[in-house]
Amino acid sequence: MQDRVPPPLAPAPRRGALAAAALRPACSVALAIAAAHALHLGDAWWAAISAFVVMDTAWRASLARGALRIGGTVAGGLIGFGAALFTGGHPLAYALLLAGAAWIGLFMALTRHASYAWVLAVVTFAMVMGEAPAPADVLWAFALERIANVVVGTLACLAVEGAWALWAGRGRIASPPPGPTPTNADRRVAAEHALQGAIVIALVAAAMRWEPLGAFPQAMVSALAVLVVPLGADAAQTRPQVHIRMRLRVAGCAAAAALGAVVLPLLQVHVLAGLAVLLAGVWAGAWLQTARPAWRYGALQF
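Residues numbered from 1 in each chain as written. Predicted model: local features only at pLDDT ≥ 70, side-chain atom pairs only at ≥ 80, totals over all residues. Heavy atoms only, no water.

(A) Representation of the overall build of the chain within the structure. Secondary structure assignment for the chain yields 12 helices and 0 strands. Across the chain, helices and strands are ordered from the amino to the carboxyl terminus as α-α-α-α-α-α-α-α-α-α-α-α. Within the span of the chain, comprising 302 residues, buried residues form 41% of the whole. Counting only contacts in the chain whose residues sit at least 6 apart along the sequence, the fraction spanning at least 24 positions is 75%. (Helix = DSSP H or I, 4+ residues; strand = E, 2+ residues; numbered from the N terminus. Buried < 20%, exposed > 50% of the residue type's maximum accessible area, 1.4 Å probe, protein only. Contact = heavy atoms within 4.5 Å.)

Following this line, the structure appears as structure tokens:
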């Protein structure tokens, strides 16, 4: 997965335009949360995250991204459910299967054009596997709820983006050019790079089997996500990008957690106030993504 040739530089958008554009993901998240609660879905934050990250430069781009997110989530959820039943809670089989899936998912994400679908597939696979060795009905309900939330969040995003496109008169946008076909060298480097993720996932899985931790799926997701970076000619060239991604992920999550720890006790059970604070935080993260491109990944985590 190589970097595309950047387009000619456009004039920097005005602050007012950035602030207005940040309202789109905030409205998308609000609609997703309302829909998830109306459907009595648990873990509505999955719907909220989908509504935020699917939004792209225009409706068609968001539609393509949403299709990849839903397709990857459905595939990962169904395969993860079958794999969790197959392992039967056996620690060695569990760790090896997770490691193998991590390697395949990362390798395909780094070498295929539909990389976003592969990322979501391996992430969802890891999340469902993280619930093993729960009973089959519990696993199935978890997988279906994950899929349902992603679908709800994606549809909410497309609804808001479609309304925005009609209002602004910019419903059409040229499709981005396809990226270059990976070379043999790229695939070799991708295989080595993906192996790091497989080893980390195996170690995390083994550690969590020894000492269970409630945030186990999130630990696996973080270990996979920070490795999804454009590849250089050799593995050494990717390390600085991975290190930057690690720092931004920790900083964004820590900032949001610290803010939440201060605000949540003050809000208590005031639902409307909590929703207002949530949307303000989403707006701030969306604004920061475009206003400070170097902080984009950290703003996403926030």
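From this point on, the discussion continues.
(B) Expanded view of unusual backbone geometry. If you check the backbone angles, His40 has positive phi at about 60° while not being a glycine. Looking at where His40 falls in the secondary structure, it is placed in the loop between helix H2 (23-38) and helix H3 (45-53). Look at Asp43: it is not a glycine, yet its phi comes out positive at around 50°. Mapped onto the elements, Asp43 comes out in the loop between H2 and H3. Classification of Asp43 as partly exposed rests on a relative accessible area of 36%.

(C) How the structure looks around the environment of Gln289. One can find Gln289 in helix H11 (residues 271-291). Considering only alpha carbons, one finds Gln289 and Ala299, 10 residues apart in sequence, at a separation of 5.7 Å. Sequence-distant contacts of Gln289, defined by excluding residues within four places in its chain, comprise Phe52, Arg296, Ala299 and Leu300.

(D) Local environment of helix H4 (residues 59-87). For H4, spanning 29 residues, the distance from its first C-alpha to its last is 41 Å, which sits close to the expected 42 Å at 1.5 Å a residue. For H4, the full list of buried residues reads Ser62, Gly66, Arg69, Gly72, Thr73, Gly76, Gly77, Gly80, Phe81, Ala83, Ala84 and Thr87. (Expected span 1.5 Å × (residues − 1).)

(E) Here's a closer look at the confidence of the model for the chain. Put simply, the chain has an average pLDDT of 79, and 83% of its residues get 70 or more. Within the model, the stretch residues 1-12 combines pLDDT values under 50 with 15 contacts to residues more than four positions away or in other chains. (pLDDT = per-residue confidence, 0-100.)

(F) Fine view of the nonpolar core. The biggest cluster of nonpolar side chains holds 41 residues, and the ones touching the most others in it are Leu98, Met129, Ile201 and Leu224. Sorting the residues of this core by element identifies H4, helix H5 (91-111), helix H6 (115-129), helix H7 (136-168), helix H8 (184-210) and helix H9 (216-225) as the ones contributing at least two each. By residue number, the principal contributor to this core is H5, which donates 9 residues. If we ignore the near neighbours within four places in the chain, the residues touching Ile201 are Leu98, Ala99, Ala102, Met220, Ala223 and Leu224. Membership of the second largest hydrophobic core comes to 19 residues, among which are Ala26, Ile33, Leu120 and Val152. (Core = buried A, V, L, I, M, F, W, Y, C linked by side-chain atoms within 4.5 Å.)

(G) Spatial organisation of the packing of aromatic side chains. Inspection of the entire model under this criterion finds 4 aromatic pairs. Within the aromatic cluster, the residues linked to one another by ring pairs are Trp45, Trp46 and Phe142. A cation over an aromatic ring shows up here: Arg65 above the ring of Tyr116, its NZ or CZ 4.0 Å from the ring centre. Of note, Arg146 hangs over the ring of Trp46, and the distance from its end group to the ring centre comes to 5.5 Å. (Phe/Tyr/Trp six-rings, centres within 6.5 Å; stacked < 30°, edge-to-face > 60°. Lys NZ or Arg CZ within 6 Å of the ring centre and 35° of its normal.)

(H) Structural context of the packing of H2 against H3. Contact geometry for H2 and H3: axes closest at 8 Å, N-to-C directions at 150°. Taken together, the axes of H2 and H3 are roughly antiparallel relative to one another. Of the two possible hands of crossing, H2 and H3 adopt the one that is right-handed. Of the residues in H3, those touching H2 at Pro25, Ser28, Val29, Ala32, Ile33 and Ala36 are Ala47, Ala48, Ala51 and Phe52. Its residues assigned to classes, the contact of H2 with H3 comprises 9 nonpolar, 1 polar and no charged. (Axes fitted to C-alpha atoms, helices over the stretch in contact; angles between N-to-C directions. Parallel < 35°, antiparallel > 145°, perpendicular 65-115°, else oblique. Left-handed = near helix turned anticlockwise from the far one by under 90°. Nonpolar A, V, L, I, M, F, W, Y, C, P; charged D, E, K, R; others polar.)

(I) Representation of the packing of H5 against H6. Running from amino to carboxyl end, H5 crosses H6 at an angle of 165°, the nearest separation of the two axes being 8 Å. Between H5 and H6, the angle falls in the class roughly antiparallel. Note on packing geometry: the crossing formed by H5 with H6 is left-handed. Residues Tyr94, Leu97, Leu98, Ala101, Ala102, Ile104, Gly105, Met108 and Ala109 of H5 pack against Ser115, Trp118, Val119, Val122, Phe125, Ala126 and Met129 of H6. Split into classes, the residues belonging to the contact of H5 with H6 amount to 14 nonpolar, 2 polar and no charged.

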